[in-house]
Amino acid sequence: MTEPTSAKAIVVFDIDGVVRDVGGSYRRAIADTVEYFTTQAYRPTPLDIDQLKSEGVWNNDWEASQELIYRYFETQEQSREQLQLDYSAIVAFFQSRYRGPDPNNFTGYICNEPLLLQPSYLEQLTQAGIAWGFFSGATRASANYVLEKRLGLESPVLIAMEDAPGKPDPTGLFATVKILENGCENLPTVFYVGDTVADMYTVEKARNLYPHRTWIGVGVLPPHVQQTAARRDTYTETLKKAGSAIVLSNVQELTTEQIQELVS
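Residues numbered from 1 in each chain as written. Predicted model: local features only at pLDDT ≥ 70, side-chain atom pairs only at ≥ 80, totals over all residues. Heavy atoms only, no water.

1. Details of the overall build of the protein chain
Short version of the rule: Labels follow the DSSP assignment, with helices taken as runs of H or I lasting at least four residues and strands as runs of E lasting at least two, numbered in each case from the N terminus. The reference for a compact globule is 2.2 Å times residues^0.38; the radius of gyration itself is calculated from the C-alpha atoms. Throughout, exposure labels follow a simple rule: accessible area from a 1.4 Å probe, protein chains only, divided by the maximum for the residue type, with under 20% read as buried, over 50% as exposed, and the rest as partly exposed. Note on definitions: a residue-residue contact is assigned when non-hydrogen atoms from the two residues lie within 4.5 Å. To measure how exposed things are, a 1.4 Å probe is used in the Shrake-Rupley method; for residues, cover is taken only from the protein chains shown.
Scanning the protein chain from N- to C-terminus turns up 11 helices and six strands. Compactness check: the protein chain gives a C-alpha radius of gyration of 19 Å against a globular reference of 18 Å for 264 residues, within 12% of the reference. Along the first, second and third principal axes, the C-alpha atoms of the protein chain reach 55 × 40 × 35 Å. Each of the 264 residues in the protein chain was classed as buried or not, and the buried ones make up 53%. The contacts of the protein chain with a sequence gap of at least 6 include a subset with a gap of at least 24, amounting to 73%. Working note: accessible area of the protein chain is about 12000 Å², and carbon and sulfur atoms make up 48% of it.

2. Quick look at the side chain of Thr139
Looking at the secondary structure, you find Thr139 in the loop between strand E2 (130–135) and helix H7 (140–150). Ignoring any residue separated from it by four or fewer positions in sequence, one finds Thr139 in contact with Tyr26, Trp62, Ala160, Met161 and Glu162.

3. Quick word on the pairing of strand E5 (residues 215–220)
Selection rule: Any two strands with at least two DSSP-identified bridges between them are counted as paired. Handedness of a crossover is defined as follows: with both strands directed away from the viewer, a clockwise route from the first strand across the helix to the second makes it right-handed.
Of all six residues that make up E5, six are buried, and the element is covered over most of its length. Going residue by residue along E5, you find Trp215, Gly217 and Gly219 tucked away on one face and Ile216, Val218 and Val220 tucked away on the opposite face as well. Where strand E4 (residues 189–194) lies against E5, five bridges are found, and the strand directions are parallel. Paired with Gly194 across the bridge in E5 is Gly219. Chirality of the crossover, the property in question, places the unit of E4, helix H9 (residues 197–209) and E5 among those that are right-handed. In this view, the connection linking E5 to its parallel neighbour strand E6 (residues 246–248) by way of helix H10 (residues 229–241) has right-handed handedness.

4. Structural notes on empty space enclosed by the protein
Note the following rule: Here a cavity is any set of points on a 1 Å grid over the protein atoms alone where a 1.4 Å probe fits but cannot get out, and a pocket is any open set with protein on both sides within 12 Å along at least 5 of 7 lines; a residue lines the site when it has an atom within 4 Å of a point. Grid points are joined across faces, edges and corners, and a volume is the space filled by probe spheres set on the points. Residues are grouped as follows: Ala, Val, Leu, Ile, Met, Phe, Trp, Tyr, Cys and Pro are nonpolar; Asp, Glu, Lys and Arg are charged; every other residue, Gly included, is polar.
A full pass over the atoms with the stated rule returns one cavity of 30 Å³ or more. For the lining of the largest cavity, the per-class residue count stands at 10 nonpolar, eight polar and eight charged.

5. Re the pattern of salt bridges
Close approach of charged atoms lets side chains of opposite charge pair. This is how it is decided: For this document, the term salt bridge refers to a Lys or Arg side-chain nitrogen within 4 Å of an Asp or Glu carboxyl oxygen.
Tallied over the entire structure, the rule returns 16 salt bridges. When the shortest N-O distance is used, the salt bridge between Arg43 and Glu35 registers 3.0 Å. A relative accessible area of 35% places Arg43 in the partly exposed class. Among the residues examined, Glu35 registers a relative accessible area of 23% and is labelled partly exposed. Where Asp163 meets Arg140, a salt bridge forms, and the shortest distance between an N and an O atom there is 2.8 Å. Taken as a pair, Asp163 in the loop between strand E3 (158–159) and helix H8 (171–181) and Arg140 in helix H7 lie far apart in primary sequence, 23 residues in all. Classification of Arg140 by relative accessible area gives partly exposed; the value is 31%. In this structure, a network of salt bridges that share partners links the residues Glu55, Glu67, Arg71, Glu74 and Arg80.

6. Concerning the packing of helix H3 (residues 61–75) against helix H5 (residues 87–98)
Selection rule: Angles here are taken between N-to-C directions and fall from 0 to 180 degrees, while the axes themselves are lines fitted to C-alpha atoms, restricted in helices to the stretch in contact. For any helix crossing, the convention is left-handed if the near helix is rotated counterclockwise from the far helix by under a right angle, and right-handed if that rotation is clockwise.
Their axes nearest at 10 Å, the elements H3 and H5 cross at an angle of 115 degrees. Judged by the twist between their axes, the crossing of H3 over H5 is right-handed. Side by side, H3 and H5 meet where Asp61, Trp62, Glu63, Ser65, Gln66 and Ile69 of the first sit next to Tyr87, Ile90, Val91, Phe94 and Gln95 of the second.

7. Concerning H8
Within H8, burial applies to Gly172, Leu173, Phe174, Thr176, Val177, Leu180 and Glu181. Summarising the contacts, the buried residues of H8 are in contact with strand E1 (9–13), E2, E3, E4, H9 and E5. Two residues or fewer past H8, Asn182 is found with a positive phi of approximately 50 degrees.

In structure tokens:
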């Protein structure tokens, strides 16, 4: 880790869709969960899930699953009050698919997530005097699995689901920055790198609460939207409208040169 007292900039990364591809894991688990709780009547497509997430408030995938189940039944003229869904049962089913049945030994979809960055990229940031860490809506166990076990990072700075309110609340972003700046007085520019509308709204809220510091939202296109030019363009536009300064195809395109250019 850098000695952040002299950090030239601070880069905070979201994890899902930025550090790892969750198209075949979290998103597949959402579809499985919705399908199960609608008794196989409805399985949301990746586009259905993106449309829900574009509302900017469904960062938590358990809540997103529940919402899609509710919305399906509403199309069948059933009210939310009638349904009385058991949220804990939704979470348990989701976790059994994503993590696997044993909470201590991951065997589910999480095991097969492609990585979207290499540790050497983070090393380049460190060498350039750029402090970095992670703020994610993923559980701490899931986040640490990818950061420590898969990427081999040693105790990276991480604020996870258990540590802060869900995005777009910027509390977790502030907490990550506070650890990284380590008492630094020059208020380095903060970049938050994310793949959803909620991530960009988080930056906007941070800017509104602390306008004396520069906050820059960097959008990254998750792999599942890059399969067609139309999806890619629409998603890029969505992130820009939500406040992203630039939109990249992969997180590693945010080079040290790019960071310095955006800071100046």
